[in-house]
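For reference, the chains in residue letters:
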Amino acid sequence: MTYKSKFGFGCMRLPLTDENDPTSVDQDLFNQMVDIYMDKGFNYFDTSYAYHNGTSEVAIRKAVVERYPRESYQICDKMPTWALTSEDDNDRFVNEMLERLGIDYFDVFFIHNINTPWYKLAEKHNTFEYVRKMKENGIARKIGFSFHDNASLLEEVLEKYGDMMDIVQLELNYLDWEDPAIEAHKCYDLCVKHGIDVYVMEPLKGGVIVNPNDEIRNDFKEFNPEKSIASFALRFCASLENVKIVLSGMSKMDDLLDNCDTFENFEPLSGEETEFLEKMAEKLNSSVAVPCSECGYCVDVCPEMIPIPEYFSLYNISTNRPESNIYRLYFDKLADEKVSAEDCTFCGTCVDHCTQHIEIPDELEKVCEHFTEGFSPYAGSP
Ligand code: SF4
Ligand code: SF4
């Protein structure tokens, strides 16, 4: 395996024609991005039943399956664990996914988002055994699960099912590497111990890493003006020996070209660069008010349908730019168009599903306080 072969195309954040409609995938732009990615010798696409409300799989069928020979690419898809209501659902979802993609086998198949509540659901509906049989029957070449919880649950799952699994997809980046809530380093070590490959999701932590404040941005420029902030984050992950794929969800052509360049000319992270990133992680962690990765899983379970990550994103930007009141205007606009953050009923449903273990209702309350109390109508524009 070469470093170059580690670069995977994450299809959770595809380009859109309408930013407010996650199903409006910009197929023409996506096709162009796929052509460049394939032309440069990359070939791994990661999707799920849920991404873009099901249209990610369809977009891959149009851009990849209908335009390239089957053996020239790999597709990873994922069982919507949270939607399982019976054992028969395993079959139903897999057949639907194969049909949406227009393929008759998966190169990689995961049980999606194993955390405490959804692990119980997967066990209840015999999904681990079902996935093992998919591999036995040739419906999946490699199998595993994506994981969003702490190291102690991962240990429990690997003790029970590790022997049948090839891969664990982990949230891994230099911000979360030693984070006590995410435990990325411990989770990585557990996979090594069990002889299981690691595929990486969220290497940029949903954009948190590449959208730092001006001070951190300047630190990166001074350290190496030639390299993008994203390139350091991708190299951090891909330099780890047991990491076999690093996904990047790309919605812009520029991001694709920059990432292709990183992997075409890959250099493992040096000791000096590792030290620099440790310092940047400390600075970033103390500058981000809410460490939301914008995965959106909380929104799917919120009975009030509050656009939680959008509020957290505005809050993070606004707390880094206290001199501006423009984000207050965006906050009001969001509340007008969608559901207000103030409509949170503190039911707590979202908390167990948060991949970053954020106390969402408490943080939403802070968001509301910040935007209602912290702004001067005379503040300058950004
Ligand atoms: S606690 Fe608030 S944000 Fe979370 S699910 Fe309930 S209403 Fe939604
Ligand atoms: S609050 Fe948690 S679950 Fe919701 S989008 Fe952010 S990280 Fe994901």
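Since the structure is predicted, the reported quantities are computational estimates derived from the model, not experimental observations.

A. Focus on the environment of Asp-35. By the element assignment, Asp-35 lies in helix H1 (residues 27-39). The spacing of Asp-35 and Phe-45 is 10 residues in sequence and 13 Å in space, taken between C-alpha atoms.

B. Local environment of the sheet that holds strand E1 (residues 7-10). Spatially, the 8 strands close up into a barrel ordered E1-E2-E3-E4-E5-E6-E7-E8, and their pairing is parallel. Going across the sheet, the axis of each strand differs from the next one's by a mean of 30 degrees, ignoring polarity. Sheet topology note: the strand E3 (residues 74-79)/strand E4 (residues 106-114) ladder contains 4 bridges and is parallel. By the bridge assignment for E4, Met-79 is matched with Ile-111. Sitting on the sheet, helix H9 (residues 229-238) is in contact with strand E7 (197-201) and strand E8 (243-249), with an inclination near 155 degrees to E8.

C. A look at the site of ligand 1. For ligand 1, the set of nearby residues contains 14 residues, the closest of which are Cys-302, Cys-344, Cys-347, Thr-349 and Cys-350. The residue makeup of the shell around ligand 1, split by class, is 10 nonpolar, 3 polar and 1 charged.

D. Geometry of the site of ligand 2. Taken together, 16 residues lie near ligand 2, and Cys-292, Cys-295, Cys-298, Pro-309 and Cys-354 sit nearest. Those elements that place two or more of their residues in the shell around ligand 2 are helix H12 (297-301) and helix H13 (308-320). For the shell around ligand 2, the leading source of residues is H13, giving 3 residues. Residues that form the shell around ligand 2 fall into these classes: 10 nonpolar, 5 polar and 1 charged.

E. Broad picture of the confidence of the model for the protein chain. Counting all residues, the mean pLDDT for the protein chain is 92, and 97% of those residues have values of 70 or more. Below a pLDDT of 50 lies the segment residues 376-382, which in the model reaches 12 contacts outside its immediate sequence neighbourhood of four places, other chains included.

F. Geometry of the packing of H1 against helix H10 (residues 253-264). Two elements in contact, H1 and H10, have axes separated by 10 Å at closest approach and are oriented at 10 degrees. If you check the angle between H1 and H10, you find them roughly parallel. Where H1 abuts H10, its residues Leu-29, Met-33, Ile-36 and Tyr-37 lie against Met-253, Leu-256 and Cys-260. Residue composition of the contact of H1 with H10, by class: 7 nonpolar, no polar and no charged.

G. A look at the environment of Phe-93. Of note, Phe-93 is situated in helix H3 (residues 88-101). Phe-93 sits in the buried class, given 20 other C-beta atoms within 10 Å. Apart from residues lying up to four places away in sequence, Phe-93 is in contact with Tyr-49, Met-79 and Pro-80.

H. The arrangement of the pairing of strand E5 (residues 140-147) in detail. Of all 8 residues in E5, 6 are buried, a share of seventy percent or more. Pairing analysis gives 6 bridges linking E4 to E5, with the strands arranged parallel. Within E5, the position partnered with Ile-114 by the bridge is Phe-147. Sheet topology note: the E5/strand E6 (residues 167-171) ladder contains 4 bridges and is parallel. Pairing of Phe-147 across the sheet is with Leu-170, part of E6. Running through helix H6 (residues 151-161), the crossover from E5 to the neighbouring parallel element E6 is right-handed.

Reading the values: the criteria
Residues numbered from 1 in each chain as written. Chains lettered and ligands numbered in written order. Predicted model: local features only at pLDDT ≥ 70, side-chain atom pairs only at ≥ 80, totals over all residues. Helix = DSSP H or I, 4+ residues; strand = E, 2+ residues; numbered from the N terminus. Pairing = 2+ DSSP bridges. Axes fitted to C-alpha atoms, helices over the stretch in contact; angles between N-to-C directions. Contact = placed C-beta atoms within 7 Å. Near = placed C-beta within 6 Å. Nonpolar A, V, L, I, M, F, W, Y, C, P; charged D, E, K, R; others polar. pLDDT = per-residue confidence, 0-100. Parallel < 35°, antiparallel > 145°, perpendicular 65-115°, else oblique. Buried ≥ 20, exposed ≤ 12 C-beta atoms within 10 Å, placed from the backbone. Right-handed = clockwise from strand over helix to strand, strands pointing away.

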